[in-house]
Amino acid sequence: MLGGMVRRGAPLIFGFVALACNVPVAANLDESDANQAATLLEQASLSASKERDPEHEGRYRITVINADAAAAIGLLARESLPPRSSPGVLEALGEGSVIPSRLAEQARWTAGVAGDLERSLRTLDGVLTARVHLAVPLKDSLDVDESPEKPSASVLVRHRGATPPIAASEVQRLVAGAVSGLAPEQVNVVMTPSPSLRAAQPDLVRLGPISVSPGVGSVLRASGGLVVLLNLLLISGIFYLWTRLRTSEVALGEARAKLEPAQPAKRK
């Protein structure tokens, strides 16, 4: 009887375990991007954990419960997290041929500087993504009569909330300071706000006095069912043992009753 109930309750137990398991939704992140992604998910009422990525040394990953995985992946995609990785100066110069041309060398240098600037902008609280486009003309040192073209830049910053976390003039000074000959007024800055996080939050479900995400609600409901099942199994086990004990007591009483008449006969 008890074994049959355990077998019938096993699928529910396994289903609860699978529902409560954590799954990674973003991996191979640096600590700054991992913190930003975890904060975003927590603000959306999705319980997220930042942990070391076992497949990438010195990197991190973000995990959520299995039931919240789809909502978490969708939210991270809408917020462009983790951001696209741009090569820095060291990475950009490490690529290419053994003897690069001056044009290829400058192109890699420009890409590396833009990547470093994007990384610096993304460290600001509230900045979701940043793209920097640099137009740096190649200088010809042999042509003394040619008037060099002035470098220019364009910066696209997508931020959270209606107010930008940094002024456009500060972005202009930051970018101009990284490129020789680039004037701040030659840097075009575009700030675009991201949709409110409240609109992107999943619908919450009510469980008594609290509101939780649908995934957490499913886990709580499954855990409630598991507790009920375990209580039923415990009660059934106690009832089974009590029944066996009563049966044993009755059998023992009957055996004693059979032995008691025989004892006086031996004494005579």
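Above: the structure in question.
Calculation criteria
- Residues numbered from 1 in each chain as written.
- Predicted model: local features only at pLDDT ≥ 70, side-chain atom pairs only at ≥ 80, totals over all residues.
- Heavy atoms only, no water.
- Pairing = 2+ DSSP bridges.
- Helix = DSSP H or I, 4+ residues; strand = E, 2+ residues; numbered from the N terminus.
- Axes fitted to C-alpha atoms, helices over the stretch in contact; angles between N-to-C directions.
- Contact = heavy atoms within 4.5 Å.
- Core = buried A, V, L, I, M, F, W, Y, C linked by side-chain atoms within 4.5 Å.
- Buried < 20%, exposed > 50% of the residue type's maximum accessible area, 1.4 Å probe, protein only.
- Salt bridge = Lys/Arg side-chain N within 4 Å of Asp/Glu carboxyl O.
- Phe/Tyr/Trp six-rings, centres within 6.5 Å; stacked < 30°, edge-to-face > 60°.
- Lys NZ or Arg CZ within 6 Å of the ring centre and 35° of its normal.
- Parallel < 35°, antiparallel > 145°, perpendicular 65-115°, else oblique.
- Left-handed = near helix turned anticlockwise from the far one by under 90°.

Caption draft 1: Layout of the sheet that holds strand E6 (residues 187-194). The strand order E4-E5-E6 describes an open sheet built from three strands, whose pairing is mixed. Looking at the sheet topology across the chains shown, the edges are occupied by strand E4 (127-135) and E6. The average undirected angle you get between the axes of adjacent strands in this sheet is 10 degrees. Taken together, the eight bridges between E4 and strand E5 (residues 152-160) define a ladder with antiparallel strand orientation. Paired with threonine 129 across the strands is arginine 158, a residue of E5. With respect to the sheet, helix H5 (residues 102-122) is in contact with E4 and E5, its orientation differing from that of E4 by roughly 155 degrees.

Caption draft 2: Molecular detail of the nonpolar core. Among the nonpolar cores identified, the biggest contains 19 residues, and Val25, Leu41, Ile62, Val64 and Leu76 are the most heavily contacted of them. Elements represented by at least two residues in this core include exactly strand E1 (22-29), helix H2 (31-43), strand E3 (60-65) and helix H3 (69-78). No other element matches H2, which puts five residues into this core. Those residues in contact with valine 25 that sit more than four places away from it in its chain are Leu41, Ile62, Val64, Ala69, Ala72, Ile73 and Leu76. The next biggest cluster of nonpolar side chains, apart from the first, holds 18 residues, and it includes Leu121, Leu134, Val171 and Leu182.

Caption draft 3: Expanded view of the pattern of salt bridges. Within the structure shown, the criterion is met by five salt bridges. One salt bridge in this structure joins glutamate 118 and arginine 131, with 3.7 Å as the shortest N-O distance. Of the two residues, glutamate 118 is situated in helix H5 and arginine 131 in strand E4; the sequence distance between them amounts to 13 residues. When its relative accessible area of 3% is taken as the criterion, glutamate 118 is described as buried.

Caption draft 4: Expanded view of unusual backbone geometry. Here asparagine 28, not a glycine, exhibits a phi torsion of approximately 55 degrees, which is positive. Structurally, the position occupied by asparagine 28 is in strand E1.

Caption draft 5: The sheet that holds E1, seen in detail. Spatially, the three strands line up as an open sheet ordered E1-E3-E2, and their pairing is antiparallel. Every interior strand has two partners, whereas the edge strands, E1 and strand E2 (48-52), have only one. Each strand axis lies, on average, 25 degrees off the axis of its neighbour in the sheet, ignoring direction. Relative to E3, E1 runs antiparallel, the two being bridged by five bridges.

Caption draft 6: Examining the packing of aromatic side chains more closely. With the rule as written, the count across this model stands at one aromatic pair. Between lysine 50 and the ring centre of tyrosine 60, over which it is positioned, the NZ or CZ distance is 4.9 Å.

Caption draft 7: Structural view of the packing of H2 against H3. Two elements in contact, H2 and H3, have axes separated by 10 Å at closest approach and are oriented at 120 degrees. In this view, H2 runs oblique relative to H3, as classed from their interaxial angle. Handedness of the crossing formed by H2 with H3: right-handed. Contacts from Ala37, Leu40 and Leu41 in H2 reach Ala72, Leu75 and Leu76 in H3.

Caption draft 8: Structural view of the pairing of E3. In terms of burial, E3 is largely enclosed, as five of its six residues are buried. In this structure, E2 lies alongside E3, joined through five bridges in antiparallel fashion. In the strand pairing of E3, glutamate 51 is matched with arginine 61.

Caption draft 9: Spotlight on the environment of alanine 37. Tracing the sequence through the fold places alanine 37 in helix H2. Alanine 37 sits in the buried class, given a relative accessible area of 2%. Note: C-alpha distance between alanine 37 and alanine 48 (11 residues apart in sequence) is 8.8 Å. If we skip the residues at most four places from it in the chain, alanine 37 touches Ile62, Leu76 and Leu81.

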